[in-house]
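# Chain and residue survey
The primary structure of each chain is shown beneath.
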Amino acid sequence: MFNLIRRDAIIQKRQLLLFIPFIIFFIVMNSHPALIFMVASIIIPFNAYAYDEKAETNILLNSLPYTRKEIIASRYIGAIVYMGISIGLTSLGLLVFDKPFTLTDLAIGSGLFLAFVAFTFPLFYIFRGKITTVIMISFIILAAVLPPFVSFLAKHLTIITDLIASLSTSALYTGVAVVIVLLYAVSWGVTTSIYQRKAF
Amino acid sequence: MENVVELKGVAKNFKGFSVNNMNLQVKQGFVTGFIGANGAGKSTTIKMIMNLLKPDVGEVKIFGLDYATHEKAIKERIGFVYDGNVFFEGLNLKDIKRIVGPAYKKWDDALFYQYVEQFKLPLNKAIKTFSKGMQMKASLAVALSHHAELIIMDEPTAGLDPIFRRELLDLLQELMLDGSRTIFFSTHITTDLDRIADYIAFIQNGELVFTQSIHEVAETYALVKGGMDLLDRDTEKAFVHVHPAPTGFEALTDNIKAVNTIFGDSVVIERASLEEIMYYMKGRKSYV
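What counts, and where the lines are drawn
- Residues numbered from 1 in each chain as written.
- Chains lettered and ligands numbered in written order.
- Predicted model: local features only at pLDDT ≥ 70, side-chain atom pairs only at ≥ 80, totals over all residues.
- Heavy atoms only, no water.
- Helix = DSSP H or I, 4+ residues; strand = E, 2+ residues; numbered from the N terminus.
- Rg over C-alpha atoms; globule rule 2.2 N^0.38 Å.
- Buried < 20%, exposed > 50% of the residue type's maximum accessible area, 1.4 Å probe, protein only.
- Contact = heavy atoms within 4.5 Å.
- Buried area = accessible area lost by both parts, 1.4 Å probe.
- Salt bridge = Lys/Arg side-chain N within 4 Å of Asp/Glu carboxyl O.
- Polar contact = N/O pair within 3.5 Å; in protein donor to acceptor, adjacent residues only side chain to side chain.
- Pairing = 2+ DSSP bridges.
- Axes fitted to C-alpha atoms, helices over the stretch in contact; angles between N-to-C directions.
- Phe/Tyr/Trp six-rings, centres within 6.5 Å; stacked < 30°, edge-to-face > 60°.
- Domains from an automatic or database assignment.
- Nonpolar A, V, L, I, M, F, W, Y, C, P; charged D, E, K, R; others polar.

## Focus on the overall build of chain A
Of the regular secondary structure elements, chain A holds nine helices and zero strands. Order of helices (α) and strands (β) in chain A, N terminus to C terminus: α-α-α-α-α-α-α-α-α. A globule of 200 residues ought to have a C-alpha radius of gyration of about 16 Å, and chain A, at 18 Å, matches this closely. By principal-axis analysis of the C-alpha atoms, chain A measures approximately 55 × 40 × 25 Å. Looking at chain A as a whole, 42% of its 200 residues are labelled buried.

Okay, structure coming up:
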């Protein structure tokens, strides 16, 4: 299992050199820390899928002594592992450049990342072929459209904003965390069952 | 355990193509050649043996174990070589070793480097720069470096030059010397098999026609040549397929004894090559 996760780093070792300047760019541009955390987390796991879309890769992995369950588990666990590493590096970068960030930023960034993973990972197995590009483009569009959309909602749906405001911060965070964990678990289960039915 | 691979009543249906009621045995310690025309179902069968495809019905057992409960244990003991390159193209052989090696408990680095040297493979060049023959050698080096008991190869000789093909066959023969290894490989270049195969499994239109030792094949099938005047509705029954020509007929028989009693010395009986058997068997379908 560990080998499957390590594999992503071996395959992407050249691209990883771009990883650090990429993050520094975001930091220097004064982007919101939560956004930087999220973008940094996305790079490795999603880039890995660009490689795994090829049929040959699946033939290779499935001919090696791995079960299909393990192959999918390595994706979901790997996403968390690489998120941890990316967040560590990003925090370091933020500290070096003396940009303030809070634990809340970190929680929001990783929460958004995990939710994004939960929604998109099954898509890689439902659709054949070049879906990575589609997902990355939709991510960028989403990142641009979502914040104004949310503030629009906040202005016009006062019932929901009132409800959220009435909750204590800790209750709100716990609730969101539980929802994300559930989403992640369901997504993992769905992807596993899709992958087990696949033919290569 | 005599059969390393055992397929029982296996069937797989695709749109416009199917493998039907496949009962295949691959005996331990021998080389079994898997022959058939393009599209006969060789790759489909190999994919079912590797659990890349699940059969609709039937049972697949490898080393007497089934994939549902022993997937990892089975694959630990298999070395595989596929027709195309399955490794990440942009990586060099060293990185591929770093990915594939740790997957196997019995991976042997020293053995791997020995094959790399023997095959004269560059360790630091990307796989995509390799020629077809080198890619094949690289796959083979990987397949042989974890002491696999069963080596499965899908068209390993396709696209190779004749010299390397011979080298490959020699190497396979060497591998067989230790006695416990089993090799199962598909090919449509039947001359490869005359040299090294002990058993022949012949598939046609998704059905297994026979699995026989190479001697049984030679004893069962023969090419018969004679004058057209010898042929009539009754005598033709002794043949699988007849190829008539103005100068006389050529036919394949699977009943040499009957041919002997019917025609005696009036025909010439020759040994049929695998290619001829494949060719005449193909005629049989349209003949019926």
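From this point, the discussion proceeds with the structure in view.
## A few points about unusual backbone geometry
Residues and elements named next belong to chain B. Of note in this structure, N51 is not a glycine but carries a positive phi near 65°. Along the chain, N51 turns up in the loop between α1 (42–49) and β4 (57–62). Positive phi is not limited to glycine here, since N205 has a value of about 45°. If you trace the backbone, N205 turns up in the loop between β9 (199–204) and β10 (207–213).

## Quick word on the interface of chain B and chain A
Taken together, the contact between chain B and chain A spans 25 residues of the former and 24 residues of the latter. Summed over both partners, the interface of chain B with chain A buries about 2300 Å², with 62% contributed by carbon and sulfur atoms. Ranking the residues of chain B by area buried against chain A places L52(B), K72(B) and F88(B) at the top, with a combined share of 27%. In this structure, the connection of chain B to chain A is made through two salt bridges. The partner of E70(A) in a salt bridge is K72(B), with the nearest N and O atoms 2.6 Å apart. At the surface where chain B touches chain A, the tally comes to nine residue pairs in polar contact (both at pLDDT 80 or more). Where the side of chain B that touches chain A is concerned, the elements lending two or more residues are α2 (67–76) and α3 (93–100) of chain B.

## Some points on the side chain of D95(B)
Its place among the elements puts D95(B) in helix α3. For D95(B), the side chain forms a polar contact with the side chain of K13(A), separated by 2.6 Å. Excluding anything up to four places from it in sequence, D95(B) contacts I10(A) and K13(A).

## Observations concerning the sheet that holds strand β14 (residues 268–271) of chain B
Residues and elements named next belong to chain B. In space, the four strands of this open sheet follow the order β12-β13-β11-β14, with antiparallel pairing throughout. Two strands in the sheet have a free side with no partner beyond their single neighbour: β12 (241–243) and β14. Direction aside, neighbouring strands of the sheet carry axes that sit 25° apart on average. Examined bridge by bridge, strand β11 (residues 222–226) and strand β13 (residues 249–253) share five bridges and lie antiparallel to one another. By the bridge assignment for β13, L223 is matched with L252.

## As for the pairing of strand β1 (residues 3–14) of chain B
Across eight bridges, β1(B) lies against strand β2 (residues 17–27) of chain B in antiparallel orientation. Each bridged residue has a counterpart across the sheet, and for V5(B) the counterpart in β2(B) is V26(B).

## Quick word on the packing of aromatic side chains
A full pass over the atoms with the stated rule returns 27 aromatic pairs over all chains. Centre to centre, the rings of F46(A) and F116(A) are 5.2 Å apart; their planes meet at 40°, and the pair counts as tilted. Here the residue F46(A) occupies a position in helix α3 (residues 33–52), and F116(A) occupies one in helix α6 (residues 103–126), the gap between them amounting to 70 residues. Judged on exposure class, the residue F46(A) and its partner F116(A) are both buried. Taking the centre distance of 6.4 Å and the plane angle of 15° together, the rings of Y104(B) and W107(B) count as stacked.

## Here's the deal with the domain arrangement of chain B
All names here are of chain B. Along its sequence, chain B is carved into domain 1 (3–214) and domain 2 (221–287). Once you take the C-alpha centre of each, domain 1 and domain 2 turn out to be 35 Å apart. Counting residues at the interface gives 13 residues for domain 1, matched by nine residues for domain 2. Both faces considered, domain 1 and domain 2 share a buried interface measuring about 940 Å² in area, 67% of it formed by carbon and sulfur atoms. At the boundary of domain 1 with domain 2, the tally comes to zero salt bridges. At the junction of domain 1 and domain 2, the tally comes to one residue pair in polar contact (both at pLDDT 80 or more). Looking at the side of domain 1 that touches domain 2, the elements that each hand over two or more residues are α7 (191–196), β9 and β10. For the side of domain 1 that touches domain 2, the per-class residue count stands at seven nonpolar, five polar and one charged.

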